[in-house]
There are 2 protein chains.
Amino acid sequence: MSFDRLIARIAQLQNPTVAGLDPKLDFIPESVKEEAFSRFGPTLEGAAEALYLFNVGLIDALWDIVPAVKPQCAYYEMYGWPGVRALERTIAYAKSKGMFVITDGKRNDIGSTMEAYAAAHLGTVEAAGRTFTPFGADALTVNGYLGSDGVRPLLDICAKEDKGIFVLVKTSNPSSGELQDKMLGDKTVYETMGDFCEAWGESLPGTYGYSGVGAVVGATYPAQLAELREKLPHTFFLVPGYGAQGGGAADVAGAFDKKGLGAIINSSRGIMCAYKKAGAPEDYAAAARAEAIRMRDEIVGYIGKIVL
Amino acid sequence: MSFDRLIARIAQLQNPTVAGLDPKLDFIPESVKEEAFSRFGPTLEGAAEALYLFNVGLIDALWDIVPAVKPQCAYYEMYGWPGVRALERTIAYAKSKGMFVITDGKRNDIGSTMEAYAAAHLGTVEAAGRTFTPFGADALTVNGYLGSDGVRPLLDICAKEDKGIFVLVKTSNPSSGELQDKMLGDKTVYETMGDFCEAWGESLPGTYGYSGVGAVVGATYPAQLAELREKLPHTFFLVPGYGAQGGGAADVAGAFDKKGLGAIINSSRGIMCAYKKAGAPEDYAAAARAEAIRMRDEIVGYIGKIVL
């Protein structure tokens with residue numbers, strides 16, 4: 001009912017990072033694509049198989065040093081229902097290796113519909129008298145524009161199934177300020193959303209001080225990141241924007257508390273496409289592992305030993 | 001590159017309504033479920049087949065009188081990848097019958113990721129040297145919390161493929177005001193989002209005065225609906241909240257301009273579950289058609305003849 005499982009794994013591995021799995025075909029080595037298309041022909045099923053094989057290679061290279069993966073739904077939906085099946089298979093494989101899975105779907109809707117999203121991504125569903133787990137992630141990213149009743153069904157599932165959510169607070173993209181930085185009285189929109197996270201999290205308290213309601217705060221806005229760390233003491237941060245989007249280790253240092261807890265830093269293209277810099281597509285998994293270690297060491301160099 | 005196709009069909013049928021296809025199993029008659037599970041066993045494939053068969057029955061009953069359908073992604077994702085496959089099949093079937101399809105996904109992300117969502121839901125994708133249409137809807141609902149660069153990739157696809165988007169402005173749920181009604185200087189958050197819609201729509205002008213960037217505005221807030229109709233002259237409205245959520249025809253009348261244009265009113269449970277009131281599950285399609293006609297006549301009674 002909180003991020004205790006994630007935090008314990010971060011401390012165990014001394015690594016507060018998450019590998020984004022955004023496997024569009026452009027990012028996948030030719031040899032992997034050839035294998036997949038040779039099995040399934042020039043079809044979306046073939047594309048989906050390439051996504052899955054690529055992810056398996058990455059997970060095999062990362063599971064013992066990186067605590068979590070974050071598949072981005074868009075890159076699976078892009079390949080139709082076979083792509084979405086590859087998302088399901090990827091989640092199951094990552095979980096079988098002990099990784100914490102954050103599905104990045106930024107889902108949002110009215111209460112009755114959020115019940116369906118909560119069941120889909122974090123919970124279970126009944127059909128023909130049996131219980132199924134459609135996707136089975138450990139956490140889901142959520143957009144809070146609709147307010148409390150779009151979030152409450154998720155809190156119920158989180159309490160019941162020991163899962164968590166990350167609500168968009170201050171996103172990493174260049175135009176995030178158009179709405180998020182505007183002032184609502186004496187607070188910005190993103191501070192207001194951060195306050196909502198603290199309030200929503202009260203029902204999901206955690207052993208290490210952080211609730212089951214986290215926040216997405218971009219590495220590309222380091223001042224806001226440090227400011228929010230101060231103001232939201234019970235809200236765990238998922239921090240995108242490191243690497244390809246421009247954020248560095250110094251930028252994300254402010255996301256952590258004095259124990260080195262409080263945040264997990266995402267890298268997607270930096271890890272997935274590390275092989276492109278190395279010039280060795282057949283060794284994409286080794287290149288991903290080397291980049292994950294470099295990233296871990298760089299960030300831990302700023303925050304020191306992570307202590308529970 | 002606008003809602004011209006939708007508006008022309010609304011005028012042709014003299015019906016400014018859309019049937020929401022939110023086919024959770026609880027809403028589906030037993031006979032349909034039995035047929036589906038007998039074919040596929042007690043599996044998510046069976047559940048997905050039930051969704052699809054139910055939708056086909058509804059579409060067959062509605063296509064010649066209702067211009068559009070709005071499948072809600074959550075109710076398909078709830079049944080895993082087979083559910084998402086049922087979404088794809090439903091969209092294809094509705095389009096084969098000439099219906100305009102609005103995928104209600106409320107998608108949102110940073111620019112590079114929105115390109116993937118845009119390709120998934122409205123565009124095409126390349127794989128193995130071929131071009132595929134993953135879902136192929138005519139319009140997608142979108143959450144604008146991330147600002148312009150989360151919307152721009154959609155505008156490009158809308159221009160190229162003659163599609164549209166609906167951005168969440170003032171949602172129909174009870175807690176929508178927690179953020180959306182707050183004041184940003186002299187405007188509310190929802191008015192600010194409405195202004196964004198007008199600005200984003202400038203690149204997608206339409207023949208009938210409405211751009212390809214519409215807005216979601218709930219029937220449950222009639223005062224705001226009428227106020228926004230005045231303030232956003234080029235923004236077409238998708239109006240949820242009629243029927244099961246409590247909005248009536250008088251509440252939605254303010255969504256329309258003097259020609260009876262400017263909005264399309266959604267009913268999901270009201271149409272899908274009309275058979276429950278009639279007490280005749282085997283005639284769910286006939287009950288849906290009767291309710292769609294009743295709803296059409298009630299709304300047209302308020303707005304009069306729709307004139308292009």
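Note: the structure precedes this text.
Computed from a predicted model, the values in this text were never measured in an experiment.

Peer 1: What should I look at first to understand the relation of the copies chain B and chain A in this one?
Peer 2: Two chain copies, one operation linking them: a rotation about an axis together with a shift along it. The two copies are related by a screw operation: chain B maps onto chain A through 180° of rotation and 0.0 Å of translation along the axis, at an RMSD of 0.0 Å. Such values leave the two copies arranged in the relation of a two-fold axis. Measuring from the rotation axis to each C-alpha of chain B, the shortest distance belongs to B:Leu184, at 2.5 Å. Comparing contact sets, 100% of the residues at the interface of chain B also lie at the interface in chain A, consistent with an isologous, same-surface contact.

Peer 1: Hey, could you run me through the pattern of salt bridges in this one?
Peer 2: Side chains that differ in sign of charge can pair as their charged atoms come close. Residue and element names in this part refer to chain A. Enumeration according to the criterion identifies 42 salt bridges over all chains in this entry. Residues Lys95 and Asp138 are paired through a salt bridge, measuring 3.2 Å at the closest nitrogen-oxygen approach. Separated by 43 residues along the polypeptide, Lys95 in helix α5 (residues 80-96) and Asp138 in the loop between β5 (130-132) and β6 (139-142) bring together distant segments of the chain. When salt bridges with common partners are traced through the structure, they connect Arg5, Lys95, Asp138 and Asp162 into a single cluster.

Peer 1: Any chance you could explain unusual backbone geometry here in plain terms?
Peer 2: Generally, phi is negative for residues other than glycine and the peptide bonds are trans, each holding for most cases. Residues and elements named next belong to chain B. In this structure, Lys106 is a non-glycine residue whose phi angle is positive, near 45°. Along the chain, the position of Lys106 falls in strand β3 (residues 100-107). Residue Lys106 is classed as buried on the basis of its relative accessible area of 7%. Despite not being glycine, Asp162 has its phi angle at roughly 60°, a positive value. In this structure, Asp162 sits in the loop between α7 (152-161) and β7 (164-170). You can call Asp162 partly exposed: its relative accessible area is 30%.

Peer 1: I would appreciate a short explanation of the interface of chain B and chain A in the present structure.
Peer 2: Accessible area lost upon the coming together of the parts is a frequently used measure of interface size. Facing the 69 residues of chain B at the interface are 69 residues of chain A. Regarding the contact of chain B and chain A, the summed buried area is about 5600 Å², with carbon and sulfur atoms giving 61% of it. When the area that chain B buries against chain A is broken down by residue, the three leading residues are B:Trp81, B:Tyr145 and B:Leu179, summing to 15%. Summed over the shared surface of chain B and chain A, the result is 4 salt bridges. B:Glu77 is the partner of A:Arg107 in a salt bridge, and the nearest nitrogen-oxygen pair spans 3.0 Å. Taken together, the connections running from chain B to chain A amount to 37 residue pairs in polar contact (both at pLDDT 80 or more).

Peer 1: Could you clarify how one ought to interpret the packing of helix α3 (residues 44-62) of chain A against α5(A) in this entry?
Peer 2: A pair of packed helices is characterised by two quantities: the angle between their axes and the separation of those axes. All names here are of chain A. As a packed pair, α3 and α5 sit with axes 8 Å apart at the nearest point and diverge in direction by 20°. Taken as axis vectors, α3 and α5 run roughly parallel relative to one another. Crossing of α3 against α5: the hand is right-handed. Counted together, Leu44, Glu45, Ala48, Glu49, Leu51, Tyr52, Asn55, Val56, Ile59 and Asp60 of α3 and Gly80, Trp81, Pro82, Gly83, Ala86, Arg89, Thr90, Tyr93 and Ala94 of α5 form the full contact between these two elements.

Peer 1: Explain the sheet that holds strand β3 (residues 100-107) of chain A to me, please; I cannot follow it from the model alone.
Peer 2: Two orientations exist for strands paired in a sheet by backbone hydrogen bonds: parallel and antiparallel. Read around the closed barrel, 8 strands run β1-β2-β3-β6-β7-β10-β11-β12 (chain A), paired in parallel fashion. Across the sheet, the mean angle from the axis of one strand to that of its neighbour is 30°, orientation sign disregarded.

Peer 1: Teacher, can you tell me more about the sheet that holds strand β10 (residues 213-217) of chain B here?
Peer 2: Residue and element names in this part refer to chain B. Here 8 strands make up a closed barrel; going around it, the order is β1-β2-β3-β6-β7-β10-β11-β12 and the pairing parallel. Averaged over all adjacent pairs, the angle separating strand axes in this sheet is 30°, with direction ignored. As defined by bridge partners, β3 adjoins strand β6 (residues 139-142) across 3 bridges and the pair is classed as parallel. Bridge pairing links Ile102 to Ala139 in β6.

Peer 1: Any chance you could explain helix α9 (residues 189-201) of chain A here in plain terms?
Peer 2: Every α-helix carries 3.6 residues per turn, so stepping three or four residues along brings you back to the same face. Residues and elements named next belong to chain A. For α9, with 13 residues, the first-to-last C-alpha span of 18 Å sits near the 18 Å given by 1.5 Å per residue. Here α9 lies mainly inside the structure; 11 of its 13 residues are buried. Listed as buried for α9 are Val189, Tyr190, Glu191, Thr192, Met193, Gly194, Phe196, Cys197, Glu198, Trp200 and Gly201.

Rules behind the numbers
Residues numbered from 1 in each chain as written. Chains lettered and ligands numbered in written order. Predicted model: local features only at pLDDT ≥ 70, side-chain atom pairs only at ≥ 80, totals over all residues. Heavy atoms only, no water. Least-squares fit on C-alpha atoms with pLDDT ≥ 70 in both. Contact = heavy atoms within 4.5 Å. Salt bridge = Lys/Arg side-chain N within 4 Å of Asp/Glu carboxyl O. Helix = DSSP H or I, 4+ residues; strand = E, 2+ residues; numbered from the N terminus. Buried < 20%, exposed > 50% of the residue type's maximum accessible area, 1.4 Å probe, protein only. Buried area = accessible area lost by both parts, 1.4 Å probe. Polar contact = N/O pair within 3.5 Å; in protein donor to acceptor, adjacent residues only side chain to side chain. Axes fitted to C-alpha atoms, helices over the stretch in contact; angles between N-to-C directions. Parallel < 35°, antiparallel > 145°, perpendicular 65-115°, else oblique. Left-handed = near helix turned anticlockwise from the far one by under 90°. Pairing = 2+ DSSP bridges. Expected span 1.5 Å × (residues − 1).

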